Amino acid sequence: MVDLAVRLGAGGVTSLQMLPIGAGAGVTGQMFTDDETTELVDALAVPAGFRLRLRTRAGAGGFTVIRADARVWRNDPHGTQIAGTTPLTEAADLLPEPVAAA
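These lines cover the structure that appears in this document, whether it is placed above or below. Each residue is numbered by its place in its chain's sequence as written, counting from 1. With pLDDT at 70 or above as the cut-off, local features in this predicted model cover only qualifying residues; side-chain atom pairs require 80 or more to be listed or tallied, and sums for whole chains, interfaces and linings still use all residues. No hydrogens and no water enter the side-chain calculation; it runs on all heavy atoms of the structure.

Considering the arrangement of structural elements, one finds Q17 in the loop between β1 (12-16) and α2 (34-42). A simple rule labels every residue: compare its accessible area, found with a 1.4 Å probe on the protein chains alone, to the largest value its type can have, and call it buried under 20%, exposed over 50%, or partly exposed in between. A relative accessible area of 11% means that Q17 is categorised as buried. Here T33 takes part through its backbone oxygen, which lies 3.3 Å from a polar atom of the side chain of Q17. In this description, contact between two residues means that some pair of their heavy atoms is separated by no more than 4.5 Å. The contact partners of Q17, leaving out residues within four places of it in the chain, are F32, T33, D34, T37, L54, R55, T56 and R57. Runs of H or I in DSSP of at least four residues are treated as helices and runs of E of at least two as strands, each being numbered from the N terminus. Two N or O atoms count as a polar contact when they lie within 3.5 Å, although within protein this holds only if one can serve as hydrogen donor and the other as acceptor, and sequence-adjacent residues are included solely when both atoms are side-chain atoms.

Laid out in structure tokens, this is it:
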């Protein structure tokens, strides 16, 4: 992926660690741990000036994804489930949901 991104002229790539939620819930025994994935990503040859980032499961809480069908989904604050999808119609759709008072 790094080689392809460089050939296409991208300035960087963010790799997302697969979460065991949604469609990924059924393949948990096949997933690398965050530590294993970090080791693999750190071992890649990355050209100078190219940004390679890894979003681990530990950092997935509240992460927002914009799908190709213009729908937005967000992980819950702990990264343990998807909080649902909504249509992307304006910039405000990307803002985090307000936290309810206890």
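Further notes follow.
Before going further, it helps to spend a moment on unusual backbone geometry. Of note in this structure, A70 is not a glycine but carries a positive phi near 65 degrees. Here A70 shows up in the loop between β3 (64-66) and β4 (71-75).

As a further point, take the environment of D42. In this structure, D42 sits in helix α2. Expressed as a C-alpha distance, the spacing of D42 and T80, which sit 38 residues apart in the sequence, is 25 Å.

A word on the sheet that holds β4. What makes two strands pair is DSSP finding at least two bridges between them. The three strands lie next to each other as β3-β4-β5, forming an open sheet whose pairing is antiparallel. Of all strands in the sheet, those with a lone pairing partner are β3 and β5 (82-87), marking the two edges. Pairwise comparison of adjacent strand axes, ignoring direction, gives a mean angle of 20 degrees for this sheet. Taken together, the three bridges between β3 and β4 define a ladder with antiparallel strand orientation. Of the residues in β4, the one forming a bridge with V65 is W73. Think of each axis as a best-fit line through the C-alpha atoms, taken over the contacting stretch in the case of a helix, with angles from 0 to 180 degrees between the N-to-C directions.

We now examine α2. Of the positions making up α2, those classed as buried are D34, T37 and V41. The buried residues of α2 occupy one face: seen down the axis, they fall within an arc of 65 degrees. Turned more than 90 degrees away from the buried face of α2, the exposed residues are D35, E39 and D42. In this structure, the buried side of α2 is in contact with β2 (51-55). The directions from the helix axis to the C-beta atoms form the arc being described.

Below, the discussion takes up a negative patch on the surface. On the surface, D35, E36, E39 and D42 cluster together into a patch of negative charge. Examined against the element boundaries, D35 turns out to sit in helix α2. Residues forming no salt bridge and having over 30% relative accessible area are the ones grouped into patches, like charges within 9 Å of each other and nonpolar side chains (Val, Leu, Ile, Met, Phe, Trp, Tyr) within 5 Å. Per-residue and other accessible areas follow the Shrake-Rupley method at a 1.4 Å probe size, with only the shown protein chains counted as cover for residues. By salt bridge we mean one thing: a side-chain nitrogen of Lys or Arg within 4 Å of a carboxyl oxygen of Asp or Glu. Residues scored as positive are Lys and Arg, those scored as negative are Asp and Glu, and His as well as the terminal groups of each chain are ignored. Throughout, a charge is located at the NZ atom of Lys, the CZ atom of Arg, the CG atom of Asp or the CD atom of Glu.

Right, let's talk about the pattern of salt bridges for a bit. Counted according to the given criterion, the structure contains one salt bridge. Among the ionic pairs, D34 bridges to R57, the shortest N-O distance being 3.9 Å. Here D34 is found in helix α2, whereas its partner R57 is found in the loop between β2 and β3, with 23 residues between them in sequence. Both residues of the pair, D34 and R57, count as buried.

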